[in-house]
Amino acid sequence: MGAVRVESDAFGPVEIPADRYWGAQTQRALGIFEVGEERFPASLIHAFGLQKMAAAQANLRCGALPPELTEPIVAAAAELRDGRFDADFPLTVWQTGSGTQTNMNANEVIANRANELLGQPLGTKSPLHPNDHVNASQSSNDSFPTVMHVVTVLELEQRLKPSLMLLHGSLQRRADAFADVRKIARTHLMDAVPMTMGQAFDTFARQVAHGIDRIDAALPRLRLLPQGGTAAGTGLNAPPRFDVFFCEEISALTGCEFRPNPSKFEGMAAHDALVEASGALNVIATSLIKIANDVRWLGSGPRSGLGELKIPDDGLTSSIMPGKRNPTIAEVLAQACMQVIGNHATITMANASGNFELNVAKPVLIANLLQSIRVLADASRVFARRLVEGTEVDRARLAGNVENALLQVTALNPLIGYDKVAKIAAAALAQGISPRAAALSLGFVDEATYDRVVGASSR
């Protein structure tokens, strides 16, 4: 371990690396929870800095902390928010289901740094104590789920929604550019009737727009915070109006509106709002897989596939086939979405693991939710910029497909009836001729009528 210092907690002395800002409870947890390597993303750690800043300021307003202690707590917590102490959060996701160890990790880091700002060495717990002062009017029971809500709102608003709006704009611009490009629709993977490539891309754009709407619909319940519930939701040791002051402070710090949850019990025992948000991400993931798959199928080839889209070259190739180009960006998006769908199953089970007044699967729930937000945001952004924005159509191939498409004669149904139209399609297929030629050879319509009726349906 190298140079160490000794700190004590309720269970006795503990040796801690001398240059680290965490304390005894974090060090003990390191020796107990030796499971995995998965750690919380920096965004959650930074949100803890925001939470401790708001709590200290609310305590000052309530008279629970004096200014001379509040100021160094806020200063240290601000450094935590800004990423200075990311390396001082060594614990994995696999810890107590309430997230107590990460809350204590934050309390200890902030207390040690605040004391250092006051000229004291690390580990003194004086004049600032991690529990008595940094954690004043709080419990892990309400602080950790509050951070869960705050970081989720911030990540949705600042990371995911901008990426989805970028993707929506890229898809809509392609839809507009391809508005007059006719293609053959496919149902059951088989040729159907004419449509435009613009209509296909407009469908993609609308799916993404609906996904953004689903996120917005979940946000109001995410903005309700359980802070102030302390132990089991009772509010024990929290002064009156602490929850109100806290929400005012966190709203000012983040620029996002947060309000007290009127039932602290509900906010700590269940995380339905987080599952609802994950459900929105799950729908978005299925939409994006559909879009990614359609784009890579439509761009398959270049000579033996559908070849209707020209996908931008990503500069990568095969390890054995020189010059081969693959739809790698679409594959990345699909894989990211698969992860989101799997994460949603974990999040669903985690929320179902509430026991009486406390959910005890908070760490795994929020870790998966934050990963889902991150990979969806990153993959959507890359897909928009590196694939969608450079995608073009092969107009010659599409025109040839439309000219020879059998099912365009469906437009003749109201004029000559289903059975005669079926004979036209069968004759064209059997003889290897165009449906126009088959219709004329059978004598069911004349040239002018065919061109007027079928041509109108194809435009």
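Residues numbered from 1 in each chain as written. Predicted model: local features only at pLDDT ≥ 70, side-chain atom pairs only at ≥ 80, totals over all residues. Heavy atoms only, no water.

(A) Representation of the environment of Phe-204. Summarising the element assignment, Phe-204 is placed in helix H7 (residues 197–222). Taking the C-alpha atoms as reference points, Phe-204 and Asp-272, 68 residues apart in sequence, are found 29 Å from one another. Excluding anything up to four places from it in sequence, Phe-204 contacts Leu-171, Lys-290, Ile-291, Asp-294 and Val-295. (Helix = DSSP H or I, 4+ residues; strand = E, 2+ residues; numbered from the N terminus. Contact = heavy atoms within 4.5 Å.)

(B) Examining the nonpolar core more closely. Core analysis: the biggest nonpolar cluster contains 108 residues, and Met-197, Leu-281 and Phe-383 have the highest contact counts within it. Formed by 14 residues, the second largest nonpolar core is a distinct cluster that contains Ile-424, Ala-425, Val-445 and Val-454. (Core = buried A, V, L, I, M, F, W, Y, C linked by side-chain atoms within 4.5 Å. Buried < 20%, exposed > 50% of the residue type's maximum accessible area, 1.4 Å probe, protein only.)

(C) Examining the packing of helix H10 (residues 272–298) against helix H12 (residues 362–386) more closely. Contact geometry of H10 with H12 gives a least axis separation of 11 Å together with a crossing angle of 30°. With respect to their mutual orientation, H10 and H12 come out roughly parallel. The handedness of the crossing between H10 and H12 comes out as left-handed. Contacts from Leu-274, Ser-278, Leu-281, Ile-284, Ala-285, Leu-288, Ile-291, Ala-292 and Val-295 of H10 reach H12 at Leu-365, Leu-369, Ser-372, Ile-373, Leu-376, Ser-380 and Phe-383. Residue composition of the contact of H10 with H12, grouped by class: 13 nonpolar, three polar and no charged. (Axes fitted to C-alpha atoms, helices over the stretch in contact; angles between N-to-C directions. Parallel < 35°, antiparallel > 145°, perpendicular 65-115°, else oblique. Left-handed = near helix turned anticlockwise from the far one by under 90°. Nonpolar A, V, L, I, M, F, W, Y, C, P; charged D, E, K, R; others polar.)

(D) Here's a closer look at the packing of helix H11 (residues 328–351) against H12. Relative to each other, H11 and H12 sit at 160°, their axes nearing to 9 Å. Taken together, the axis directions place H11 and H12 in an arrangement best described as roughly antiparallel. Two packed elements cross with a definite hand, and for H11 against H12 that hand is left-handed. Per-class residue counts for the contact of H11 with H12 are 16 nonpolar, eight polar and one charged.

(E) Geometry of H11. Along its 24 residues, H11 runs 35 Å from first to last C-alpha, staying within 8% of the 34 Å computed at 1.5 Å per residue. Of all the residues in H11, the buried ones are Ile-329, Ala-330, Leu-333, Ala-334, Ala-336, Cys-337, Val-340, Asn-343, His-344, Ile-347, Ala-350 and Asn-351. Of the surrounding elements, those touching the buried residues of H11 are H10, strand E8 (354–355), strand E9 (358–359) and H12. (Expected span 1.5 Å × (residues − 1).)

(F) Molecular detail of the pairing of strand E3 (residues 182–187). Bridge count between E3 and strand E4 (residues 190–196): five bridges; the pairing is antiparallel. Bridge pairing in E4 links Lys-183 to Met-195. Between E3 and E4, which follow one another and run antiparallel, lie two residues, and His-188 among them has a positive phi close to 60°. (Pairing = 2+ DSSP bridges.)

(G) Region of the structure containing the environment of Arg-303. With respect to the helices and strands, the residue Arg-303 is situated in the loop between H10 and strand E7 (309–310). Using a relative accessible area of 79% as the deciding quantity, one classes Arg-303 as exposed. A sequence separation of 259 residues divides Arg-303 from Leu-44, and the C-alpha atoms of the two residues are 48 Å apart.

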